[in-house]
Amino acid sequence: MAMLEATNVKKTFGTNDVLKDVSLSVEKGEVVAILGPSGSGKTTLLRCLNFLEKADGGTLAFDGEKIDLATATKQQAAAVRKKTAFVFQNYNLFLNKTALQNVTEGLVVARHMPRREAEGIGREMLEKVGMADKADAHPNALSGGQQQRVAIARALATKPEIILFDEPTSALDPELIGEVLSVMRNLAEEGMTMLVVTHEMGFARNVSDKVIFMEHGVVVEEGPSKEFFSHPKEERVREFLASVDKQENTLHEEKLS
């Protein structure tokens, strides 16, 4: 049985059907990448699964409980959030707090953990993402890649069963992307369950176990990563991968020149 299974998720903004009966499942220890063009509903799906956005329909089966996404209670949403973590595109760090304080704040305030215990966990997680030496630095003194690594440490500190990543490298300069992907690759090797919305094809191809391709609010194709990239079934997926390859080749040529 899947660790997390979403079925027939629907979400409408005004007259725009952003999600139309989207279903997916994630097994324990699996890394699932969600790909697709901008505006395909990827981020909205992730936010609905973590109750940052309220879905208009669908169910979520997670950790032995089945929840109606449209009528979920605050208690049900809080229970899901307690066992999941969310890494945002733009870090969402408190600018007036140090890296260590950003990691520990949720443990102290939301989980009522003694500060000394929280700081021990915080330092351990900062070390895990290569940021131990920046524990006392404020976000403004850190690069984008460093801020995102602090955000990942914050996610890890709650010991989640699954981490949801919303395009974690999209706000980064190209030379900083590698340091964040390296942390994520290490987590995958350790068996962390991850659901990742991303434009990073190399990560999806080499690190993820399964790929889901979305467009216009529906799942167009899904399958094991190797199969998805080597033998895509849908013409639309073939077009998308071809356009990505073309962009990557152009960037490579520009670097060489």
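Residues numbered from 1 in each chain as written. Predicted model: local features only at pLDDT ≥ 70, side-chain atom pairs only at ≥ 80, totals over all residues. Heavy atoms only, no water.

Draft legend 1. Broad picture of the packing of aromatic side chains. Under the definition given, this model contains three aromatic pairs. On the basis of an interplanar angle of 40 degrees and a centroid distance of 4.6 Å, the ring pair of Phe86 and Phe88 is categorised as tilted. Classification of Phe86 as buried rests on a relative accessible area of 9%. Taking relative accessible area as the criterion, Phe88 reaches 19% and is therefore assigned buried. Consider the rings of Phe213 and Phe240, whose centres lie 4.9 Å apart with planes at 65 degrees: the pair is edge-to-face. (Phe/Tyr/Trp six-rings, centres within 6.5 Å; stacked < 30°, edge-to-face > 60°. Buried < 20%, exposed > 50% of the residue type's maximum accessible area, 1.4 Å probe, protein only.)

Draft legend 2. Here's a closer look at the pairing of strand 9 (residues 210-215). Most of strand 9 is tucked away, with six of its six residues classed as buried. Alternating residues of strand 9 divide into Lys210, Ile212 and Met214 and Val211, Phe213 and Glu215, and every residue in both groups is buried. In terms of strand pairing, strand 3 (residues 31-35) meets strand 9 through four bridges, oriented parallel. Bridge pairing in strand 9 links Ala33 to Val211. In terms of strand pairing, strand 9 meets strand 10 (residues 218-224) through six bridges, oriented antiparallel. Across the sheet, Val211 pairs through a bridge with Gly223, a residue of strand 10. Joining the antiparallel neighbours strand 9 and strand 10 is a turn of two residues, in which His216 adopts a positive phi near 55 degrees. (Helix = DSSP H or I, 4+ residues; strand = E, 2+ residues; numbered from the N terminus. Pairing = 2+ DSSP bridges.)

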